[in-house]
Amino acid sequence: MYEFHPYFTNDGSVGLYSPSYDDIYHSVTGALTEAYEKFILPIDMPRYINKDSLKILDICYGIGYNSKSFLNFLYNNFSQNNSEKFLNHANNNIEAIYTNKNNGQAAQCNDKIYTNNTSGKVDQNNSFKNNNATIYTNNILPKIYIRAVDNDKILSFLSPFIKTGKKNIQKQNLDFEYKAVNKFLTQNQKSDYKKIDNQINYFLLSQIINKIPEIYDNKDFIDILFSKDYSEYFEPDIKGIFKLYRSNIYKTIPTNNSLPFLHNIYYKYVANCYKKGLKVYPLSDVSFELINGDARKIISNDTNEYDIIFLDAFTPSKCPCLWSLEFFKELYKHLSADGIILTYSTSAAVRAAMLDSGFAVGKIYNERENKFTGTTATKDYKQIKYQLSEYDLGLLKTKAGIFYRDQNLTGLNEAIINTRIEEVKNSNRISSSRYKRTYKQEDSCNTML
């Protein structure tokens, strides 16, 4: 039987506990907040939005916080009302074309089309229904492709249903031993990231069910989704749409004709509640693909180059197969020339493996916590905003900086861990604890001088 252990984190989003790793997947201070602060805010968004297309690889997608937060950021920030400020930052070559609504000829009116076209030609396919309206064509923002990879199919299927924005969280009755969860919830911290817009969840649901029809028959997934024990952790609107879709698809609709049916359900039961029109990023310009399996094999067989890679695997000490030198060398092949990798990990072994793979490596600064809380890697050192310090670089030369090895990208976690343990044991490098003591002493002396 599949084990599912949810809890509410301090910002009202759902976190999960893993019995196999005896650890939690998400920060108890806020799962959604963590996604924004470690994976979304560090991105130089205007530079990437300036592209014609954008490819994103989400490694260890889980219940989807990183991909959903990225789409949520675009959806709520790049709109008819405020996209100009982002486009100005991106230095787009944007021109205003004044048109006559009736025949497309240039005229003195207050309608504008913003395009990337400098030829002065007006797209004859654009039509205008409202006077004095600024219309932003779809080619302002990029076409986005997201490939989400995870070996846990059940969690991936549950991702569109996960609740965010729950209020008034009280002490929870957990079905697992992790006292830190309730301890952190008593601190009553505030977060700016409260909710994933349900349009994002509807979008992901439509993408998953039309590309992976087996979701209808997955017993473990269905049992969890409709269990009364877990109902508070899922968005009721999304469950309702899925339930309606599932019941009707079995009765009347062939599986290969499911997309039009979902489209009709969406507009009949959903769209009236979310009539935002051109005021939001067009999700029709987004393609989402979920692939379940070993990320090492999937990425090795991938032919794409990605602009943004989210690396959100479980901690290196427990899941080293996705933090090895060989895995980072594989990621290097799949990162575009101006692309970026983002991860929450600050491990010396991880940063050392990144550097040895050819990456320029930097740190992620968390403004709210006023400290560095993650790592970035690129092929161009000029993109690194926060460089590794002298102390950071020195730490990489200690035993802590000995990276994990997985020569054929097929090793088991236990074997990879044991190999590193032996290498550390036989190494003549200084220990990280001794290095830290020495560095503090030297730093203290320099300060006194």
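Structural data are supplied above this passage.
The rules behind each value
- Residues numbered from 1 in each chain as written.
- Predicted model: local features only at pLDDT ≥ 70, side-chain atom pairs only at ≥ 80, totals over all residues.
- Heavy atoms only, no water.
- Salt bridge = Lys/Arg side-chain N within 4 Å of Asp/Glu carboxyl O.
- Helix = DSSP H or I, 4+ residues; strand = E, 2+ residues; numbered from the N terminus.
- Buried < 20%, exposed > 50% of the residue type's maximum accessible area, 1.4 Å probe, protein only.
- Contact = heavy atoms within 4.5 Å.
- Polar contact = N/O pair within 3.5 Å; in protein donor to acceptor, adjacent residues only side chain to side chain.
- Core = buried A, V, L, I, M, F, W, Y, C linked by side-chain atoms within 4.5 Å.
- Expected span 1.5 Å × (residues − 1).
- Arc of directions from axis to C-beta.
- Pairing = 2+ DSSP bridges.

A.B. asks: Tell me what's going on with the pattern of salt bridges, and back it up with residues and numbers.
C.D. replies: In the structure shown here, the tally under the stated rule is 19 salt bridges. Among the salt bridges present, the one from Glu37 reaches Arg368, with a minimum N-O distance of 2.7 Å. Separated by 331 residues along the polypeptide, Glu37 in helix 1 (residues 31-40) and Arg368 in the loop between strand 12 (360-366) and strand 13 (371-378) bring together distant segments of the chain. Measuring nitrogen to oxygen at the nearest pair gives 3.1 Å for the salt bridge that ties Glu369 to Arg368. Residue classification places Arg368 among the partly exposed positions, given a relative accessible area of 40%. The network of salt bridges with common partners includes Asp44, Arg47, Lys51, Asp307 and Asp338.

A.B. asks: A description of helix 13 (residues 348-356) should follow, citing residues and the corresponding values.
C.D. replies: In terms of residue burial, helix 13 counts as a mostly covered element, since seven of its nine residues are buried. The complete set of buried residues in helix 13 reads Ala348, Ala349, Val350, Arg351, Ala352, Ala353 and Met354. Looking at the buried residues of helix 13, the elements they touch are helix 12 (325-333), strand 11 (335-343), strand 12, strand 13, helix 14 (390-396) and helix 15 (413-426). Of the residues flanking the start of helix 13, the one acting as N-cap is Ser347, its side-chain oxygen 3.1 Å from the backbone nitrogen of Ala349.

A.B. asks: Explain the nonpolar core to me, and be specific about the residues and the numbers.
C.D. replies: Counting residues in hydrophobic clusters, the biggest one holds 109 residues, and the most contacted among them are Ile59, Phe70, Phe221, Phe242, Ile308 and Leu331. Tallying contributions element by element places helix 7 (residues 198-211) first for this core, with seven residues. In contact with Phe221, other than residues within four places in its own chain, are Ile154, Phe157, Leu158, Phe161, Ile215 and Phe242. By size, the runner-up hydrophobic cluster in this structure holds five residues, among which are Tyr7, Tyr17, Ile24 and Val28.

A.B. asks: Describe in detail helix 15, supporting the description with residues and values.
C.D. replies: An ideal rise of 1.5 Å per residue puts 20 Å on 14 residues; helix 15 measures up with 20 Å between its terminal C-alpha atoms. Along helix 15, the residues classified as buried are Ile416, Arg420 and Val424. Mapping the buried residues of helix 15 onto a view down its axis gives an arc of 70°, with all of them on the same face. Residues of helix 15 that are exposed and angled more than 90 degrees away from the buried face: Glu414, Lys425 and Asn426. Buried positions along helix 15 lie against helix 11 (295-300) and helix 13.

A.B. asks: Give a detailed account of the sheet that holds strand 2 (residues 14-18), specifying residues and quantitative values.
C.D. replies: Ordered in space as 1-2-3, the three strands form an open sheet in which the pairing is antiparallel. If you trace the sheet from one side to the other, it starts and ends with strand 1 (6-8) and strand 3 (23-24), each paired once. Across two bridges, the pairing between strand 2 and strand 3 is antiparallel. Looking at the pairing, Ser18 lines up with Asp23 of strand 3.

A.B. asks: Give a description of the pairing of strand 8 (residues 143-150) that names residues and reports values.
C.D. replies: Where a strand is regular, its side chains alternate between the two sheet faces. With seven of eight residues buried, strand 8 is to be regarded as a mostly interior element. Here strand 4 (residues 53-59) runs beside strand 8; their pairing, made up of seven bridges, is parallel. If you follow Ile59 over to strand 8, its bridge partner there is Val149. Taken together, the seven bridges between strand 8 and strand 9 (residues 286-292) define a ladder with parallel strand orientation. Looking across to strand 9, one finds that Val149 is bridged to Ile291.

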